[in-house]
Amino acid sequence: MKIKSIDLWTEQYCNHYECFNGAFVDGFDCTKIPFDEYKIVKNCNCIITVSQNDIHISNKHQAIVFYKNKIPVRLMVINKNTDVNKCVEVSLNILKILF
């Protein structure tokens, strides 16, 4: 499957909770749900090149792919040393509080 467009989120530093919260909460309201499932991918092996010096993503990083009706709609690229499970737990708790 070739993806032509996706909502991209990049973590600027390890355990960047605000980035996780944004990726999980952005687009939600009472009638709109931006994704219906997500998949955590550990040890991604692709090269990401950015022009911003404050984004530090290495070749072996982590990612979360968000899907809507089985189609990837959002991608979050995460530093390899981030505690993904903890950050996701915090974000999901915020979703519960908001909705």
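Our subject is the structure that appears above.
My aim in this report is to walk through the structure given alongside it, one point at a time. (Residues numbered from 1 in each chain as written. Predicted model: local features only at pLDDT ≥ 70, side-chain atom pairs only at ≥ 80, totals over all residues. Heavy atoms only, no water.)

### Comments concerning the overall build of the protein chain
Note the cut-off: Secondary structure elements follow DSSP: runs of H or I no shorter than four residues count as helices, runs of E no shorter than two count as strands, and numbering proceeds from the N terminus. Burial status follows relative accessibility: with a 1.4 Å probe on protein chains alone, a residue under 20% of its type maximum counts as buried, one over 50% as exposed, and anything between as partly exposed. A contact between two residues is defined here by any heavy atoms of the two lying within 4.5 Å. In these tables, accessible area is a Shrake-Rupley quantity obtained with a 1.4 Å probe, and a residue counts as shielded only by the protein chains included in the view.
Scanning the protein chain from N- to C-terminus turns up two helices and four strands. Taken across its 99 residues, the protein chain has 33% of its residues classed as buried. Counted over contacts in the protein chain with a minimum sequence separation of 6, partners at least 24 positions apart contribute 60%. Accessible area of the protein chain: about 6,500 Å², with a carbon and sulfur share of 54%.

### Some thoughts on helix H1 (residues 17-25)
The buried count for H1 comes to seven of nine residues, which makes it a mostly enclosed element. Taken together, the buried positions of H1 are Cys19, Phe20, Asn21, Gly22, Ala23, Phe24 and Val25. Buried positions along H1 lie against strand E1 (7-10), strand E2 (37-45), strand E3 (60-68), strand E4 (71-78) and helix H2 (84-98). Positive backbone phi, at 95 degrees, marks Gly27, one or two positions downstream of H1.

### Describing the sheet that holds E3
What counts here: Being paired, for any two strands, means DSSP has found at least two bridges between them. For helices, the axis comes from a line fit to the C-alpha atoms of the stretch in contact; other axes are also lines fit to C-alpha atoms, and the angle between any two N-to-C directions lies between 0 and 180 degrees.
Pairing in this open sheet of four strands is mixed, and the strands run E1-E4-E3-E2 from one edge to the other. At either margin of the open sheet sits one strand with a lone partner, and together these are E1 and E2. Ignoring strand direction, the axes of neighbouring strands in this sheet form an average angle of 20 degrees. The pairing of E1 with E4 spans four bridges and is classified as parallel. Each residue of the ladder has a partner; that of Trp9, found in E4, is Met76. Sheet strands in contact with H1 are E1, E2, E3 and E4, and its direction is about 175 degrees off that of E4. Running at roughly 155 degrees to E2, H2 makes contact with E2, E3 and E4 of the sheet.

### Quick word on the nonpolar core
Just so we agree on the cut-off: Residues grouped as a nonpolar core are buried Ala, Val, Leu, Ile, Met, Phe, Trp, Tyr and Cys residues, joined through side-chain atoms within 4.5 Å.
The biggest cluster of nonpolar side chains holds 14 residues, and the ones touching the most others in it are Phe20, Phe24, Ile64, Phe66 and Met76. Elements supplying a minimum of two residues to this core: H1, E3, E4 and H2. For this core, the leading source of residues is H1, giving five residues. Beyond its immediate chain neighbours, meaning those up to four positions away, Phe66 contacts Ala23, Phe24, Phe35, Glu37, Tyr38, Ile71, Pro72, Val73, Arg74 and Met76.

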